[in-house]
Amino acid sequence: RKPTLAVVGATGAVGTVVLELLSTREDVWGEIRLVASPRSAGRKLMVRGEEVEVVALSEECFDGVDVAMFDVPDELSAQWAPIAASKGAVVVDNSGAFRMDGDVPLVVPEVNAHSARVRPRGIISNPNCTTLSMIVALGALHAELGLTELIVSSYQAVSGAGQVGIETLRDQITKVAGSNLGTQPGDVRRAVGDFGPFPAPMALNVVPWAGSLQDDGWSSEELKVRNESRKILGLPDLRVSATCVRVPVITTHSLTVHARFEREVTVDRAHEILRGAPGVVLYDNPAEGEFPTPADVVGTDPTWVGRVRRSLDDPTALELFVCGDNLRKGAALNTAQIAEVVAAELGQSGPSSG
Ligand code: 2RA
């Protein structure tokens, strides 16, 4: 029989995209069970062209489940993912609760699908959206050229901070539209009033902050980029420096990347690798104004790469501009892809519950 899937957090921002993907991707699932907080139980959501009633999160809702995708806050995943795993489900978790656990693989199918098979806790983690927005392209370059150092800056969309992030930016744009704000110190700050989940105005601004404050002035987001890139690429000593910046974009994270390799590189070779890399679209012809931008990339699955240059002062390094939809590849799509890898594996060995 086809495996049973539970989608935990089905009513959230990422859960909504998961349902869309499950309705459009090749259907490898038998029953799909939608799970959310008791508040949302009883709601009916469309998946695969049918209405499915949402059930409340409970131990029983994992009965007979082969794979459970979790798109819920860290605390809820920390509590419930082990429960689902103890009931026999393979958990694919999109929270930060388990990503750096040595017994939990951190998987990007195009880069390290093999890691998904070794999961002592029955849990597989999905990386953070900022790492995911660049890592497919970097994994392809690393496989051919051997990565030694990464220096990146992110340009992160407000939807990374959830629905409230989107609403905050939309509200602020309304407040500044048609004004001459942005010409005097603090005028935008005073006009927008509410910063929502951000530490400064997002409209007419860029904000060099995402996540929470960690040691020595680093943000949690910057440390995630470093630690997760090392784990996914299997390079525990990779030199990584990240500066994470929030920009007034609704959805799609972008990054500038300075990537250094073991040997000399050329733009032609990098183009060749990126052109052949599954999950990557090379869009790099600045003479014709062709490079990815978040407004053009949003709603698509691949990682888009442009502005590929060899560093002027280092023949072993490349400069790139990368864009990826933070709600699709950055969250829902990668989770769905991991779940499909597990479904294929269960299909080979037969689902444990028969
Ligand atoms: C953000 N990466 O963009 C975070 C969300 N996981 O805020």
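Residues numbered from 1 in each chain as written. Predicted model: local features only at pLDDT ≥ 70, side-chain atom pairs only at ≥ 80, totals over all residues. Heavy atoms only, no water.

## Let's talk about helix 5 (residues 163-176)
Moving on, step 1. Taking 1.5 Å per residue as the helical rise, helix 5 with its 14 residues ought to reach 20 Å, and the 20 Å between its terminal C-alpha atoms agrees with that figure.
Moving on, step 2. Check the buried side of helix 5 and you find it contacts helix 6 (187-192).
Moving on, step 3. At the C-terminal side of helix 5, Gly178 shows a positive phi close to 75°. (Helix = DSSP H or I, 4+ residues; strand = E, 2+ residues; numbered from the N terminus. Expected span 1.5 Å × (residues − 1). Contact = heavy atoms within 4.5 Å.)

## What about the site of the ligand?
Moving on, step 1. Residues in contact with the ligand, as listed here, are Asn128, Cys129, Thr130, Gln156, Gly160, Ala161, Glu221, Arg246 and His253.
Moving on, step 2. His253 is positioned with one of its side-chain polar atoms (N or O) 3.1 Å from an oxygen atom of the ligand.
Moving on, step 3. About the coverage of the ligand: the protein hides 79% of its 240 Å² of free accessible area.
Moving on, step 4. Structurally, the ligand is housed in the largest pocket.
Moving on, step 5. Split into classes, the residues belonging to the shell around the ligand amount to 2 nonpolar, 5 polar and 2 charged. (Near = heavy atom within 4 Å. Polar contact = N/O pair within 3.5 Å; in protein donor to acceptor, adjacent residues only side chain to side chain. Areas by Shrake-Rupley, 256 points an atom, 1.4 Å probe, with all protein chains shown as cover. 1 Å grid on protein atoms, 1.4 Å probe; cavity = no way out; pocket = protein on both sides within 12 Å on 5 of 7 lines; lining within 4 Å. Sits in = over half its atoms within 2 Å of the grid points. Nonpolar A, V, L, I, M, F, W, Y, C, P; charged D, E, K, R; others polar.)

## With respect to the sheet that holds strand 1 (residues 5-8)
Moving on, step 1. Read from one edge of the open sheet, 6 strands run 5-2-1-6-7-8, paired in parallel fashion. Across the chains shown, the open sheet's two edge strands, defined by having one partner strand only, are strand 5 (55-56) and strand 8 (123-125).
Moving on, step 2. Contacts between helix 10 (residues 328-349) and the sheet are confined to strand 6 (67-70), strand 7 (90-93) and strand 8, with strand 6 contributing the most and set at about 170° to the helix. (Pairing = 2+ DSSP bridges. Axes fitted to C-alpha atoms, helices over the stretch in contact; angles between N-to-C directions.)

## Re unusual backbone geometry
Leave glycine aside and you will find that most residues have negative phi; peptide bonds, for their part, are mostly trans.
Moving on, step 1. Although it is not a glycine, Leu204 sits at a positive phi angle of roughly 55°.
Moving on, step 2. For Leu204, the position within the fold is in the loop between helix 6 and helix 7 (220-233).

## Some points on the pattern of salt bridges
Moving on, step 1. Tallied over the full model, the rule gives 19 salt bridges.
Moving on, step 2. Arg48 is the partner of Asp27 in a salt bridge, and the nearest nitrogen-oxygen pair spans 3.0 Å. In this pair, Asp27 sits in the loop between helix 1 (13-24) and strand 2 (32-36) while Arg48 sits in the loop between strand 3 (44-47) and strand 4 (50-53), placing the two residues 21 residues apart along the sequence.
Moving on, step 3. Looking at Asp27, the relative accessible area reads 33%, which means it is partly exposed.
Moving on, step 4. Among the salt bridges present, the one from Arg310 reaches Glu264, with a minimum N-O distance of 3.9 Å. Highlighted residues: Arg310 in strand 13 (residues 303-310) and Glu264 in the loop between strand 11 (253-261) and helix 8 (267-275), separated in sequence by 46 residues.
Moving on, step 5. Relative accessible area serves as the criterion here: at 55%, Glu264 is assigned to the exposed category.
Moving on, step 6. Linked by salt bridges that have partners in common, Glu149, Arg239, Arg260 and Asp314 make up one network. (Salt bridge = Lys/Arg side-chain N within 4 Å of Asp/Glu carboxyl O. Buried < 20%, exposed > 50% of the residue type's maximum accessible area, 1.4 Å probe, protein only.)

## Description of the UniProt feature "active site" (unreviewed entry) in the protein chain
Moving on, step 1. The sites that carry the UniProt feature "active site" (unreviewed entry) are, in the present numbering, Cys129 and His253. These annotated residues cover 125 residues of sequence, and their C-alpha atoms lie no more than 7.9 Å from one another, placing them together at a single site. The annotated residues named above include Cys129 and His253 as those lining the largest pocket.
Moving on, step 2. Turning to its location among the elements, Cys129 is positioned in helix 4 (residues 129-145).
Moving on, step 3. Look past the residues within four positions of Cys129 in its chain and what remains in contact with it is His253, Asn326 and Gly330.
Moving on, step 4. Mapped onto the secondary structure, His253 falls in strand 11. (UniProt positions renumbered as here; feature names shortened; annotations may be inferred.)

## Notes on the pairing of strand 6
Moving on, step 1. By the alternation rule, side chains of strand 6 split into Val67 and Met69 and Ala68 and Phe70, which are all buried.
Moving on, step 2. One ladder, built from 4 bridges, connects strand 1 with strand 6; its direction is parallel. When the bridges of strand 6 are listed, Val7 appears paired with Met69.
Moving on, step 3. Each parallel crossover has a hand, and for strand 6 linked through helix 2 (residues 74-86) to strand 7 it is right-handed. (Right-handed = clockwise from strand over helix to strand, strands pointing away.)

## What about the layout of surface pockets?
Moving on, step 1. In this structure, the largest pocket encloses a volume near 1,200 Å³.
Moving on, step 2. Lining of the largest pocket is provided by 49 residues; of these, Val72, Pro73, Asp74, Asn94 and Gly160 occupy positions nearest its centre.
Moving on, step 3. Elements represented by at least two residues in the lining of the largest pocket include exactly helix 1, helix 2, helix 7 and helix 10.
Moving on, step 4. At 5 residues, the largest contribution of residues to the lining of the largest pocket is made by helix 7.
Moving on, step 5. Its residues assigned to classes, the lining of the largest pocket shows 21 nonpolar, 19 polar and 9 charged. (Points joined across faces, edges and corners; volume = space filled by probe spheres on them.)

## So, the UniProt feature "binding site: phosphate" (unreviewed entry) in the protein chain
Moving on, step 1. In this numbering, the UniProt entry assigns the feature "binding site: phosphate" (unreviewed entry) to Arg99.
Moving on, step 2. Here Arg99 lies in the loop between strand 7 and helix 3 (109-112).
Moving on, step 3. Look past the residues within four positions of Arg99 in its chain and what remains in contact with it is Asn94, Val104, Leu106, Ser125, Asn126, Pro127, Asn128, Lys224, Glu228 and Lys231.
Moving on, step 4. A polar contact of 3.2 Å, which involves the side chain of Arg99, links it to the backbone oxygen of Asn94.

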